[in-house]
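What follows is each chain in one-letter form.
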Amino acid sequence: MIVEKIMKSEVYTLSPNNTVEEALMLMEEKRIRHLPILNEQHNVVGIVSDRDLRSIVPSAIRENVSKEEREKPLSVLMNKEVVTGHPLDFVEDIAGIFYEYKIGCLPIVQQDKLVGIVTKTDVLRTFVQLAGANQPSSQIEIKVKNIAGKLSDVTSVFRNRNVNILSVLVYPDDNELYKILVFRIGTMNPTTIIKDLKKEGYDVLWPNILGKEL
């Protein structure tokens, strides 16, 4: 999935000359936590988070903050080293950027112009949907040999039972000769399919009961 499919195209922005108070009011009104800062050419020159603003104007004592503090321009506190993405970036690549840079949102830029924004919540929601975890389902983990065609062999067992596969994840085992296949399937009772998998000689790691395989 590409970022264009999950980004918000309606982005609220301010300029470096807008004030802390204006940013706070906009965030509260629109219930957002990040504001890209644009120059006159609509290029992204900074970003401000609600945490940045609260460091100057704590909500608990907001009425006691001086006018001078409230009217500070955003240029003095915005983060000028902005990490951006492109609409055609893959969502998993964007997730890696969030992890690497420890950021909460990512402005999406095309031809130097802001076209959208993606937050960590957007990415997390997307992965939940892609994994099928938002649907009635069961998860099965199987340890298989790390050889070509093994995934196809395993899925044939599901096909023979007319079990719908919602998602498949593959990750390495501690032993490089093996890999772990994680299936999310469209049934709340995986007992029958687990028996079929074991009958075919597959090592089912999950589900189990008190550490004992079903």
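For the structure, see preceding data.
Residues numbered from 1 in each chain as written. Predicted model: local features only at pLDDT ≥ 70, side-chain atom pairs only at ≥ 80, totals over all residues. Heavy atoms only, no water.

### Brief notes about the environment of V48
Relative to the helices and strands, V48 is located in strand β2 (residues 44-49). Residue V48 is classed as buried on the basis of its relative accessible area, which comes to 1%. Put simply, V48 and L74 are 26 residues apart on the chain and 7.7 Å apart in space, counted from C-alpha to C-alpha. (Helix = DSSP H or I, 4+ residues; strand = E, 2+ residues; numbered from the N terminus. Buried < 20%, exposed > 50% of the residue type's maximum accessible area, 1.4 Å probe, protein only.)

### Quick word on the environment of S9
Looking at where S9 falls in the secondary structure, it is placed in the segment before α1 (20-30). Judged by relative accessible area, S9 falls into the exposed class, the value being 57%. Sequence separation between S9 and T121 is 112 residues, and the spatial gap between their C-alpha atoms is 16 Å. Residues contacting S9, with those up to four places away along its chain left out, are V115 and G116. (Contact = heavy atoms within 4.5 Å.)

### Side note on the sheet that holds strand β6 (residues 165-172)
Strand order in the open sheet formed by four strands is β6-β7-β5-β8, and the pairing between neighbours is antiparallel. Edge positions in the open sheet fall to β6 and β8 (203-206), since each of these has one partner strand only. Ignoring which end each strand starts from, the neighbouring axes of this sheet average 30° apart. Judged from the seven bridges that link them, β6 and strand β7 (residues 178-185) form a sheet pairing that is antiparallel. Bridge pairing in β7 places I165 opposite I185. Where helix α7 (residues 191-199) meets the sheet, it contacts β5 (138-145), β7 and β8, and its direction lies at approximately 5° from that of β5. (Pairing = 2+ DSSP bridges. Axes fitted to C-alpha atoms, helices over the stretch in contact; angles between N-to-C directions.)

### What to know about unusual backbone geometry
Cis geometry is adopted by the peptide bond preceding P207, which originates at W206 and carries an omega value of 15°. With respect to the secondary-structure elements, P207 resides in the loop between β8 and β9 (208-209). In this structure, R31 is a non-glycine residue whose phi angle is positive, near 55°. Along the chain, R31 falls in the loop between α1 and β1 (34-38). Under the relative-accessibility criterion, R31 is labelled exposed at 79%.

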